[in-house]
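Coordinates in review
Okay, here's what each chain looks like letter by letter:
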Amino acid sequence: MASQDELKKQVGYKAVDDYVRSGMVVGLGTGSTAFFAVERVGQKLKSGELQDVVAIPTSVRTKEQAEALGIPLVTLDTHSRLDVAIDGADSVDPDGNLVKGGGGALFREKIVEKASDKFVVIVDQSKMCDALGPHFMLPIEILPFCHEHTMRCLEALPSMNGAKAVLRMGSSANNKCDGDEIAVSDNGCYLVDMKCTSPITDAVRLADDIIKVVGVVEHGLFCGMTDHVIIAGTDGIEVKDVPK
Ligand SMILES: O=C(CO)[C@H](O)[C@H](O)COP(=O)(O)O
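Model, not experiment: these values are computed from the prediction. (Residues numbered from 1 in each chain as written. Predicted model: local features only at pLDDT ≥ 70, side-chain atom pairs only at ≥ 80, totals over all residues.)

**A short note on the overall build of the chain**
What the chain contains, in helices and strands, is six helices and 13 strands. For the chain, the C-alpha radius of gyration of 17 Å lies close to 18 Å, the compact-globule estimate for 244 residues. The buried share among the 244 residues of the chain stands at 48%. For the chain, the share of sequence-separated contacts (at least 6 apart) that also reach a separation of at least 24 residues comes to 73%. (Helix = DSSP H or I, 4+ residues; strand = E, 2+ residues; numbered from the N terminus. Rg over C-alpha atoms; globule rule 2.2 N^0.38 Å. Buried ≥ 20, exposed ≤ 12 C-beta atoms within 10 Å, placed from the backbone. Contact = placed C-beta atoms within 7 Å.)

**Comments concerning the environment of Met169**
Following the sequence through the fold, Met169 ends up in the loop between strand S8 (164-167) and strand S9 (190-195). Taking the C-alpha atoms as reference points, Met169 and Glu181, twelve residues apart in sequence, are found 5.6 Å from one another.

**Brief notes about the sheet that holds S9**
The strand order across the open sheet built from four strands is S8-S9-S7-S10, with neighbouring strands paired in antiparallel fashion. Of all strands in the sheet, those bounded by a partner on one side alone are S8 and strand S10 (216-219). Within the sheet, the average angular offset between the axes of one strand and its neighbour, ignoring direction, is 30°. Across four bridges, S8 lies against S9 in antiparallel orientation. Within S9, the position partnered with Lys164 by the bridge is Lys195. Across the face of the sheet, helix H4 (residues 106-114) comes into contact with strand S7 (138-142) and S10 while running at roughly 65° to S10. (Pairing = 2+ DSSP bridges. Axes fitted to C-alpha atoms, helices over the stretch in contact; angles between N-to-C directions.)

**Thoughts on the site of the ligand**
Around the ligand, the structure places 18 residues, and the nearest of them are Gly31, Thr33, Gly88, Gly102 and Gly103. Here the residues of the shell around the ligand are counted per class, giving four nonpolar, ten polar and four charged. (Near = placed C-beta within 6 Å. Nonpolar A, V, L, I, M, F, W, Y, C, P; charged D, E, K, R; others polar.)

**Let's talk about the pairing of strand S3 (residues 84-87)**
With burial as the criterion, each face of S3 is covered, one bearing Val84 and Ile86 and the other bearing Ala85 and Asp87. Bridge analysis of S3 against strand S6 (residues 119-124) gives three bridges, and the strand direction is parallel. By the bridge assignment, Asp87 is partnered in S6 with Val121.

**Things to note about the domain arrangement of the chain**
The domain boundaries assigned to the chain delineate domain 1 (4-129 + 224-241) and domain 2 (138-220). Computed over C-alpha atoms only, the centres of domain 1 and domain 2 are separated by 24 Å. Taken together, the contacts link 15 residues of domain 1 with 16 residues of domain 2. For the side of domain 1 that touches domain 2, the secondary-structure elements that each account for two or more residues are helix H3 (60-68) and H4. With four residues, H4 is the single largest residue contributor to the side of domain 1 that touches domain 2. Residues that form the side of domain 1 that touches domain 2 fall into these classes: five nonpolar, six polar and four charged. (Domains from an automatic or database assignment.)

**Focus on the nonpolar core**
Formed by 64 residues in total, the largest nonpolar core has its most connected members in Ala37, Val41 and Met194. Top contributing element to this core by residue count: helix H2 (residues 34-47), with seven residues. Residue assignment places this core across two domains, with domain 1 (4-129 + 224-241) and domain 2 (138-220) each supplying three or more. Setting aside residues no more than four positions away along its own chain, Met194 makes contact with Met137, Leu138, Ile140, Leu154, Met160, Ala163 and Ala165. (Core = buried A, V, L, I, M, F, W, Y, C linked by C-beta atoms within 7 Å.)

**Description of helix H1 (residues 4-19)**
Each turn of an α-helix holds 3.6 residues, which means side chains three or four residues apart point in the same direction. In a regular helix each residue adds 1.5 Å, so 16 residues correspond to 22 Å; H1 covers 23 Å between its end C-alpha atoms and thus fits that length. Along H1, the positions that sit buried rather than exposed are Leu7, Lys8, Lys9, Val11, Gly12, Lys14, Ala15, Val16 and Tyr19. Contact partners of the buried residues in H1: H2, S3, S6, strand S12 (228-233) and strand S13 (236-241). (Expected span 1.5 Å × (residues − 1).)

**Concerning the sheet that holds S12**
Here we have six strands laid out as an open sheet, ordered S2-S1-S3-S6-S12-S13, and mixed in their pairing. Two strands bound the open sheet, and with one partner strand each, they are strand S2 (54-57) and S13. Across the sheet, the axes of successive neighbouring strands diverge by a mean angle of 20°, strand direction being ignored. In the sheet, strand S1 (residues 25-28) pairs with S3 via three bridges, with the strands oriented parallel. Residue pairing in the sheet places Gly27 in a bridge with Ala85 of S3.

**With respect to the pairing of S7**
Counting buried positions over the five residues of S7 gives five, a clear majority of the element. Residues Leu138, Ile140 and Ile142 point to one face of S7 and Pro139 and Glu141 to the other, with burial holding for every one of them. The sheet contact formed by S7 and S9 spans five bridges and is antiparallel. Bridged to Pro139 within S9 is Asp193.

Structure representation (structure tokens):
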């Protein structure tokens, strides 16, 4: 049986093989699944199978990986439209709505993926869920200033349905809270993981409510953004096209 890493590699490679062509501007996601997509872009540029591709990374980690592979990098300031962005996710609901940010890169992921003509999500079967919320804590990036107040405002939102705010500690790159220091994002902000005990019934409304809280930089609800989901399971790979 294929290991979880093998499944991640299969979807990462397939996304690049199916959706990246020479001359494109490509968004490079963050995380252990997106890692393999970045690896594949590097391989294909090196072999000459892909040419004139430039990429926009969604985190410092991905930037460093891409640089090490010799992938030419640009920014949204010079290239405001991307042809395609490829990234992992923490939860995917049946409509292709996502929870992202388990790896702490949600702000850069969202700004890059919103600017992309096509957004391809790559996951293994464990990320698929019936409803967002209880499947994976909802990450939110907030300013450090008065962060405890901001956390209380988030908990008080009626649409949050009683979810508790947990300040991420340790590495910003995982939500295991495995350290004594407050985790700091690539943007110098804090990360809060909302522990939802019930399904999010209206993700669009919750997203609207969260972004209105002063102190919030961005949240990990990615609604209506996905074009294709590539899912790896023990029975093989499935591609779901999400109607818009
Ligand atoms: O949103 C993310 C980072 O902010 C990641 O895409 C998400 O956490 C999935 O990561 P992985 O592929 O390692 O499970």
